[in-house]
Each structure stands twice: as structure tokens, then as C-alpha cells.
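Fold and geometry: a report
Residue strings, one per chain:
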Amino acid sequence: MNNLNPKDIEIISAVLYTFAAFVLMIIAVLFFVYYSRKKIIQKELEKKDLEIDYQKKLLQATILTQEKERERIAQDLHDDISSKLNIIALNSHLLTAADLSPVEVQEITGNIITTTGIVLESSRTIAHNLLPPILDKFGLHAAIDELCQQSSSGAIKIEYNNEIKQRTFDRIPVEQHLHIFRILQELINNSLRHGKATRITIVFTKDNNGCYCSYTDNGSGFDTKNTKKMAGLGMKNIESRVAMLEGKLRVESEINKGIHVTINF
Amino acid sequence: MKVQRRIVRTCLMTCLCVLGIQYLTDKALFFRFNLFEIFITSYLIIIYSMFHFYNLLNKEKRYYYINTGILVYLFGSTVLFLSGNLINTLQLESRNVVWLLNATLVVIYQLFIFIEWRKRSLKKDEDYE
């Protein structure tokens, strides 16, 4: 080494240092690539976990609403039908008793007839609430129209605008119509019950990208950042129905400024 | 994050200590290209900027352009400076080309800084609106 002149030493050290620098830099880059891949995969896993969690919550909400609905139906049946049928059974029993005067018989029969009428009426209402017959017979447009008319009363005004009427829903399979109906039902229900709204406007429009439903009320609204309200059973229900329609849901609301919901499907 | 911080701190301290001792013992190093110093400082900064890139993954791109500029500049200039002594001793006719190259790299680096500044100021305007 001693007999090398300074020039050679310079050359060799420059080459060595350049070589070492390159190798180390490449090692650093490789490390970087390795760790970033790891990080990206981990992030993706987390995202998937979140999605699964969300799906689970949706499923839970569905089951819960189902149970609630069952409870409601059971209550309706019990209160409106079972009790009345009981009365009828009791009255019929009375008829079998001996030595009844014709006046008594008439009274009992009259009782039975009126109660049967009431039972018939309530069973019709229950069935109607479960699935409005108008939806089947006259289509979604008529059903929404009827829903708006039924829900508006006194100070509450619900406006329904749909220029091309039933043709709006031509492209949507008939089985999906019920989802749209239920979404609106739920929204109106929420507006009236929680939002204390007095004016609701529902507008349907259609273009090449599909149908748009715009729902606006003047109720108390809520903070969309408040996750508790956004994650309520009603909202979850709407979300899952919109997902079934393969649509997009956007909820805008501010406290005391009502709510504006747009659905694109 | 904690590990990174510790690595950055220990590397910086050791590097500064080693370089300090080196320059104290050999004052002649001030007047030529100290290959070890060039290499160690650039390499550390490259590693730090890679840390930053790693931290930026899946996040908002803060100081993304400056960081890119630093990487590009350092990758190029390190090699140029490492050959500095060699060029000086060889007394090549066209050695100015090397420093011209370095100057170009610096301009590119400044350009990246400019892009970063533009992006940030534009963003700030949006925030104000």
C-alpha cells in the first residue's frame, strides 16, 4: 500500500466510497419498500376489518328492526284482534245458554255482529300497515302519493313532486319498490316524530345517471357529526335499504335547519 | 414513531461526535473533500427522508415535494462530492462540468421547494375561504 502514490489513493478511495454509498443507499431503499408494503397491507387489513364491523352492525340493526316489527305486530294482534275475538267467543257462548228471551238473543247477536265488524276493520288496517295494497295494485307513484296524503294533516304539509310519475321507477325492479317506499316512510316518520317538522318536500327526478330522490324537511335537524344519531336504528335501516338498491345516500343536516337527504339509485 | 425518533437522535449525536473528533484530530480535513463526512451526512439525511415518506403513507401529503427534492438532490450530489478529491487531483480539463451538474441538481432542489411552497400557499387560501 505504501508504494501507491496519492493520486491512486484518491482514485481508490473515491471508488470505494461511491460503491459503499450506492450499496447502502440501495439497501435503504429496499428496507423502505419492504416496510411500506407491510404498512400498506396492515392499513388495508384495518380497512377490511372496519368494513366487516360495519356489516355486522347493519345485520344487527336488521335483526333488531325485525324483532321490533314482530313485537308491534304481536301487540296489534293481541290488542285489536284477540281481545275482540274473545268478546265474540263469550257472546257466542251466551247464545248456547238455555231460556234466553228473543230480546236477549237479538242483543247478543247484535253485539257479535258489531264486534266482528271491528275485528275485520282492524285486521284490514294491520294488513294495510304491513304492506299497503296500493303499492301492488297501482304502483309506487300512487303509493307515495297516498303516503304523503295520509301523513299530512292540519299543520303538517307534505309535498310530493314527481313530473314523470310512475315512469320514474321503470328501470327499478318491482321488488325494490318496497325499499323506496319504506325509506320514505321511515324518513317521514323520523321528521314528524323526532324533527317535529311541519313541511316536507319530496322530489323525484330522473336522468341518465338514474333516479334522484330529494327529501327536505323544516324540522329540528341534527348534527351529522353526532355519530350516535347517524347510527340509530332508523338511519341504519335506511342505509341498508339504500345499499340493497345499490344507491348512494347523502344526509345533510344542521341543528334547527332541518334535514336534506338525497338518494341516487 | 418512537423507534424512529430514537434512531434519528442517536444517529445524529454519534455522527456529530465522530465528525467533531475527526476534524479536531486532523485539521487538514477542512481543506479537502472529506469523503467520510460527505457520505455519512448525506446517508443519514436520506434515511431520515425515507422515514418521512414511510410516515406519509396513507396520509395527507405534508412536505411531500420538499422531501422528494431532498432525495433527488442528495442521491445525485453525494456521488459528485465523493468524486471531488479525485477530480481535483486529476486536474481534468472539463471538471467544471461536474460542478455544473451539481448546480443543476441544486436548481431542481429549489424547484421542488418552490412547488411545495405554491401548494401550501394555495391550500392555505382554501382554508381561509
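Model, not experiment: these values are computed from the prediction.

Overview of the overall build of chain B
Counting secondary structure elements, chain B contains five helices and zero strands. When its helices and strands are written in sequence order, chain B yields α-α-α-α-α. Counted over contacts in chain B with a minimum sequence separation of 6, partners at least 24 positions apart contribute 74%.

Details of the confidence of the model for chain B
Residues and elements named next belong to chain B. Put simply, chain B has an average pLDDT of 85, and 96% of its residues get 70 or more. Helix H4 (residues 84–90) is the least confidently modelled element of chain B, averaging 77 in pLDDT, while helix H1 (residues 2–25) averages 91, the highest of any element. This complex was scored by the predictor with a pTM of 0.58 and an ipTM of 0.75.

Re the environment of asparagine 209 of chain A
Residues and elements named next belong to chain A. Relative to the helices and strands, asparagine 209 resides in the loop between strand S2 (199–207) and strand S3 (210–217). Residue class for asparagine 209 comes out exposed when judged on the 8 C-beta atoms lying within 10 Å of it. Considering only alpha carbons, one finds asparagine 209 and phenylalanine 265, 56 residues apart in sequence, at a separation of 8.2 Å.

A word on the interface of chain B and chain A
If you look at the interface, chain B gives 18 residues, while chain A gives 18 residues. Elements that contribute at least two residues to the side of chain B that touches chain A include exactly helix H2 (35–56), helix H3 (64–82) and H4 of chain B. Ranked by the residues each element gives to the side of chain B that touches chain A, the list is headed by H2 of chain B, at eight residues.

Topic: the environment of asparagine 58 of chain B
With respect to the helices and strands, the residue asparagine 58 of chain B is situated in the loop between H2 and H3. Setting aside its immediate chain neighbours within four residues, asparagine 58 of chain B contacts Ile40 and Lys43 of chain A.

As for the packing of helix H1 (residues 6–96) of chain A against H3 of chain B
Remark: H1 of chain A packs on H3 of chain B, axes separated minimally by 9 Å, with the N-to-C direction vectors making an angle of 160°. Judged by the inter-axis angle, H1 of chain A sits roughly antiparallel to H3 of chain B. H1 of chain A and H3 of chain B meet at a crossing whose hand is right-handed. On H3 of chain B, the residues touching Ala14, Tyr17, Thr18, Ala21 and Met25 of chain A of H1 of chain A are Phe75, Thr78, Val79 and Leu82 of chain B. Of the residues assigned to the contact of H1 of chain A with H3 of chain B, the class counts are seven nonpolar, two polar and no charged.

Re the sheet that holds strand S4 (residues 248–253) of chain A
Pairing between the strands of a sheet comes from backbone hydrogen bonds, and it takes one of two forms, parallel or antiparallel. Residue and element names in this part refer to chain A. Read across the open sheet, the five strands follow the order S1-S2-S3-S5-S4; overall the sheet is mixed. Every other strand in the sheet has two partners, leaving strand S1 (157–162) and S4 as the edge strands with one partner each. On average, adjacent strands in this sheet sit at an angle of 10° to one another, irrespective of strand direction. Pairing analysis gives eight bridges linking S2 to S3, with the strands arranged antiparallel. Among the inter-strand pairings, threonine 201 is bridged to a residue of S3, identified as threonine 216. Docked against the sheet, helix H5 (residues 174–193) engages S1, S2, S3 and strand S5 (259–264), running at close to 155° with respect to S2.

What to know about unusual backbone geometry
Its identity as a non-glycine residue notwithstanding, lysine 196 of chain A has a phi of 50°, on the positive side. Within the secondary structure, lysine 196 of chain A sits in the loop between H5 and S2.

Criteria and cut-off values
Residues numbered from 1 in each chain as written. Chains lettered and ligands numbered in written order. Predicted model: local features only at pLDDT ≥ 70, side-chain atom pairs only at ≥ 80, totals over all residues. Helix = DSSP H or I, 4+ residues; strand = E, 2+ residues; numbered from the N terminus. Contact = placed C-beta atoms within 7 Å. pLDDT = per-residue confidence, 0-100. Buried ≥ 20, exposed ≤ 12 C-beta atoms within 10 Å, placed from the backbone. Axes fitted to C-alpha atoms, helices over the stretch in contact; angles between N-to-C directions. Parallel < 35°, antiparallel > 145°, perpendicular 65-115°, else oblique. Left-handed = near helix turned anticlockwise from the far one by under 90°. Nonpolar A, V, L, I, M, F, W, Y, C, P; charged D, E, K, R; others polar. Pairing = 2+ DSSP bridges.

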